[in-house]
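Tertiary structure, described
One-letter residues, chain by chain:
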Amino acid sequence: MNNEVLNDEFLKSIDSNYEFSNKPIRRLKKSQQPGEIKLQLENLKKQIAEIDACDLKNHANQLVFSDGNFRSKIMLVGEGPGQKEDEIGKPFMGDAGKLLNKMLAAIDIKRESIYITNVVNYRPPNNRKPTTAEINKYSKFLYEHISIINPKILIIMGGTAMEALIGNNFKISKERGIWKDVIIKGKTYLSIVTFHPAYLLRQPDQKKYSWIDLKEIRKKINELNIIL
Ligand code: URA
């Protein structure tokens with residue numbers, strides 16, 4: 001039997017979906033330069049600004065894109081802008097933002113040292129929760145945003161962020177505080193779901209669980225030697 005027949009027989013005998021390629025494997029990925037990241041973020045912001053037929057955009061004052069350090073290894077995703085954020089143009093500026101700053105400070109994180117964004121980038125009218133259709137519409141931008149920032153830890157704050165990144169058939173009370181692998185655009189991100197500060201303002205008795213999650217986040221930052 002010649003080699004070709006042998007190879008053919010062999011390939012048929014294994015149930016595989018392998019693709020054979022002559023391309024060399026890129027074993028080392030060059031880390032992105034800050035200028036490239038900035039450009040990608042500007043491009044993404046432009047794409048969001050060009051969204052049309054959107055009820056959220058039509059009612060809002062401005063696009064709320066992000067805040068913090070775009071080179072951070074920690075990325076936090078909230079729900080959507082409220083009144084203060086819509087006025088100022090940055091996420092987490094109102095009462096929930098003040099509590100978020102305190103929560104981060106409690107585990108020795110300065111807000112400026114992480115990167116913060118929301119699922120939807122325009123304020124929902126009367127601060128209502130974004131609908132599933134709206135979450136889906138903005139998710140593609142969020143996925144791109146996460147890919148650009150490429151964090152080592154993704155903090156998913158509240159039910160809306162959980163719906164966008166994990167799915168809508170989960171209960172936050174069950175999912176919070178557990179490290180998860182979330183796959184976005186083919187890449188796995190170490191992620192944790194925790195309560196949203198706006199929820200904690202309404203339900204202060206839940207802060208004890210939030211504190212457990214925050215300590216877990218600090219532990220992971222130390223384990224991974226992440227410098228903030
Ligand atoms: N709540 C959020 O989820 N995001 C903000 O930016 C403000 C409040």
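Described below are features of the structure shown in this document. Computed from a prediction, not measured in an experiment: that's the story for all the values here.

What counts, and at which threshold
- Residues numbered from 1 in each chain as written.
- Predicted model: local features only at pLDDT ≥ 70, side-chain atom pairs only at ≥ 80, totals over all residues.
- Heavy atoms only, no water.
- Helix = DSSP H or I, 4+ residues; strand = E, 2+ residues; numbered from the N terminus.
- Buried < 20%, exposed > 50% of the residue type's maximum accessible area, 1.4 Å probe, protein only.
- Contact = heavy atoms within 4.5 Å.
- Areas by Shrake-Rupley, 256 points an atom, 1.4 Å probe, with all protein chains shown as cover.
- Pairing = 2+ DSSP bridges.
- Axes fitted to C-alpha atoms, helices over the stretch in contact; angles between N-to-C directions.
- Salt bridge = Lys/Arg side-chain N within 4 Å of Asp/Glu carboxyl O.
- 1 Å grid on protein atoms, 1.4 Å probe; cavity = no way out; pocket = protein on both sides within 12 Å on 5 of 7 lines; lining within 4 Å.
- Points joined across faces, edges and corners; volume = space filled by probe spheres on them.
- Nonpolar A, V, L, I, M, F, W, Y, C, P; charged D, E, K, R; others polar.
- Near = heavy atom within 4 Å.
- Polar contact = N/O pair within 3.5 Å; in protein donor to acceptor, adjacent residues only side chain to side chain.
- Expected span 1.5 Å × (residues − 1).
- Arc of directions from axis to C-beta.

Quick notes on the overall build of the protein chain
When its secondary structure is counted, the protein chain shows 10 helices and 6 strands. Counting only residues that meet the buried cut, the protein chain has 43% of its 228 residues in that class. Restricting the contact set of the protein chain to residue pairs at least 6 apart, pairs at least 24 apart contribute 72%. Entry remark: accessible area of the protein chain is about 13700 Å², with carbon and sulfur atoms responsible for 49%.

Describing the sheet that holds strand β6 (residues 187-194)
Strand order in this open sheet of 6 strands is β1-β3-β2-β4-β6-β5, and the pairing throughout is mixed. One side of each edge strand has no neighbouring strand; the edge strands of this open sheet are β1 (67-68) and β5 (179-184). Relative to the sheet, helix α6 (residues 132-149) contacts β2 (74-78), β3 (115-118), β4 (153-157), β5 and β6, its axis offset from that of β3 by approximately 170 degrees.

Let's talk about the pattern of salt bridges
This structure, assessed with the given rule, holds 10 salt bridges. Between aspartate 55 and arginine 128 there is a salt bridge, with the nearest N and O atoms lying 3.6 Å from each other. In this pair, aspartate 55 sits in helix α3 (residues 55-59) while arginine 128 sits in the loop between β3 and α6, placing the two residues 73 residues apart along the sequence. With a closest N to O distance of 2.5 Å, glutamate 175 and lysine 180 form a salt bridge. Take lysine 180: its relative accessible area is 15%, and that puts it in the buried class. Several salt bridges share partner residues, and in doing so they unite Asp55, Arg128 and Glu134 into one network.

Notes on empty space enclosed by the protein
Under the defined criterion, the tally for this structure stands at 1 cavity of 30 Å³ or more. Size it by volume and the largest cavity reaches roughly 30 Å³. Every residue lining the largest cavity is listed: Ile48, Thr117, Asn118, Val119, Asn121, Tyr138, Phe141, Leu142 and His145. Counting only elements with at least two residues in the lining of the largest cavity, the list comes to β3 and α6. Per-class residue counts for the lining of the largest cavity are 5 nonpolar, 4 polar and no charged.

Overview of the site of the ligand
Close to the ligand lie Gly78, Glu79, Gly80, Glu85, Pro91, Phe92, Asn118 and His196. Contact distances for the ligand include 2.7 Å between an oxygen atom and a backbone N or O atom of phenylalanine 92. Side-chain polar atom of asparagine 118 to a nitrogen atom of the ligand: 2.8 Å apart, as the coordinates give it. Protein burial of the ligand: of its 230 Å² of free accessible surface, 92% is covered by the chains.

Comments concerning helix α10 (residues 207-223)
In an α-helix, one turn spans 3.6 residues; hence positions three or four apart end up facing the same way. Along its 17 residues, α10 runs 24 Å from first to last C-alpha, staying within 8% of the 24 Å computed at 1.5 Å per residue. Buried within α10 we find Ser210, Asp213, Leu214, Ile217, Arg218, Lys220 and Ile221. One face of α10 carries all of its buried residues, which in axial projection span an arc of 160 degrees. Looking at the packing, one finds that the buried side of α10 touches β2, α5 (95-106), β4, β5, β6 and α9 (197-202). Asparagine 225, located one to two residues past α10, shows a positive phi value of around 55 degrees.

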